[in-house]
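Listed below, chain by chain, are the residues.
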Amino acid sequence: MNTWNNPLLKPLMLAVAMSAAVSFITPAFAEQPQDCGGIKLSTCPTPFDKTLPAAKDMLNWDQADRVTGFRNDYRNYAGDVFRHGKATPFAQAEKQLQDPTYSVNGKTYTLQDYLKRENVTGMLVLKDGKIAYKYLGEGNTDHTLWTSRSVGKSVVSTLVGIAIKEGKIRSLDDLITDYEPDLKGTAWEGVTLRQLIQHTSGVAWNEDYTNPASDFAHLTQCEAQPGTYDCVRKIITGLKRAHPAGEYWSYSSGGAWLLGDVLEKATGVPLAKYLEKTLWQPYGMAQDGVWHSYQQGKHDVGAHGFNATLEDWGRFGEFVMSGGQLPDGKKILPEHWLEQAADWNKAKNSVSAAHPDGMYGYQWWNNAVPANAKNVTPAPSESLKGSMWALGIYGQVIMVNRAENLVIVQWSTWPQAEPDFSAQPLEASLMYSAIAQQLR
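Every value quoted in this text rests on a predicted model; they were computed, and no experiment measured them.

1. Digging into the overall build of the protein
At step 1: Tallying secondary structure elements over the protein gives 15 helices and 15 strands in all.
At step 2: Radius of gyration (C-alpha) of the protein: 23 Å, near the 22 Å computed for a compact globule of 440 residues.
At step 3: Structurally, the protein occupies a C-alpha span of about 85 × 55 × 45 Å along its principal axes.
At step 4: Counting the 440 residues in the protein, one finds 57% classified as buried.
At step 5: Considering only residue pairs separated by 6 or more positions, the protein has 69% of its internal contacts joining residues 24 or more positions apart.
At step 6: By element, 52% of the accessible surface of the protein is carried by carbon and sulfur atoms, the whole surface being about 18,200 Å².

Have a look at this one:
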């Protein structure tokens, strides 16, 4: 009997069919956003801390405030959401990380020592795209959105590469004023995008995190008040020239902010939307993220402010590892982009006895064990070579090493924004080298 011809059964059969159809909708796109403390996300981050430290005091937060502040950055400031795609869960590596050790000045430290010494709140080690080690501390979870600080610069750098591949930006040899003609007559006139992305613009900028009168401190104060975009742009356009463009390397969050602004002008959309469209959804990131916004729906900050889960930080590292390949095989970065991004510039101050090859590329760092390091294990000659480090103040890291097929993510709350290299940064390079050796 054809049940569809039975008028009594038709409504029931239709309901069953519709229910079955709904079950085949991809969950990532069937979810209804939830109100997560004033911002709509498919999954609310956890833990949800009720009391947040004051944004204006970010550079003076204590350790507890840094934990709370860094995992609630997505609601401590205005933000633009970038929606997730259809994710494939990470598999567990057959060879799990045991207890790698390193030594400094005759003292040997274990992985557990390292977690304490670096104030680590999250760590992920991916070997051949599989989880070899994962740690979450201070109450953080798989749904915690942790803020990138300057790791976001490396994300922006990668988006610039995508924009070049798409033809939104013609070349890194273009002038900034090709995209922002109102900067003619300022210190930025005559500076190329290559000089901007390498931090060799020659435009004066004080990045001192301990000086309340520094340009970076002024930027932080702008972020804690209304009218952020106009406030920051006033700082940037008023800067003076310190050196001829291209000759000196000088780290500049102001320049990185401007690079993000140029990218938004070139693509016509905020950073969050461009990230979502080109990478976050097509690559299959597992959860929504939030980008610190200076004007919601218009301008996101290019210097930092990328907030995502530990595993999605790892997926971004895997995307970089692949040379910019999506799961369907499509390449969305220019050919040889990563080699160029890690071709450390040789401008004055980028080259040193510790890093004779240079230490900065396209907003990626060379944080190898210093060539002149003494009394350390692994020794410089035996340490991990050829890594690209996305680094943020207080110890945020995405390290990509293509030769070892290794990605390491680290969330931290170092006591100092930028400690002496002989402290936490050195120990990170030693531990990562020890990890690589053990997982070979």
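2. Here we look at the packing of helix H9 (residues 215–223) against helix H10 (residues 228–237)
At step 1: Packing of H9 against H10 leaves a shortest axis separation of 8 Å and a crossing angle of 165 degrees. Comparing their axes, H10 and H9 come out roughly antiparallel. In the packing of H9 onto H10, the handedness of the crossing is right-handed. Along its contact with H9, which presents His 218, Leu 219, Cys 222 and Glu 223, the element H10 presents Thr 228, Cys 231, Val 232 and Ile 235.
At step 2: Residue composition of the contact of H9 with H10, grouped by class: 5 nonpolar, 2 polar and 1 charged.

3. Details of the sheet that holds strand S14 (residues 396–401)
Strand pairing in a sheet is mediated by backbone hydrogen bonds. Such pairs are either parallel or antiparallel.
At step 1: Strand order in this open sheet of 5 strands is S7-S6-S15-S14-S13, and the pairing throughout is antiparallel. Edge strands, defined here as strands with exactly one partner in the open sheet, are strand S7 (130–136) and strand S13 (388–392). The average angle at which neighbouring strand axes cross in this sheet is 5 degrees, direction not considered.
At step 2: As paired elements, S14 and strand S15 (residues 406–412) share 5 bridges and run antiparallel to each other. Residue pairing across strands places Asn 401 opposite Leu 406, the latter belonging to S15.
At step 3: On the sheet, helix H6 (residues 151–166) packs against S13 and S14 and is oriented at approximately 130 degrees with respect to S13.

Criteria and thresholds
Residues numbered from 1 in each chain as written. Predicted model: local features only at pLDDT ≥ 70, side-chain atom pairs only at ≥ 80, totals over all residues. Heavy atoms only, no water. Helix = DSSP H or I, 4+ residues; strand = E, 2+ residues; numbered from the N terminus. Rg over C-alpha atoms; globule rule 2.2 N^0.38 Å. Buried < 20%, exposed > 50% of the residue type's maximum accessible area, 1.4 Å probe, protein only. Contact = heavy atoms within 4.5 Å. Areas by Shrake-Rupley, 256 points an atom, 1.4 Å probe, with all protein chains shown as cover. Axes fitted to C-alpha atoms, helices over the stretch in contact; angles between N-to-C directions. Parallel < 35°, antiparallel > 145°, perpendicular 65-115°, else oblique. Left-handed = near helix turned anticlockwise from the far one by under 90°. Nonpolar A, V, L, I, M, F, W, Y, C, P; charged D, E, K, R; others polar. Pairing = 2+ DSSP bridges.

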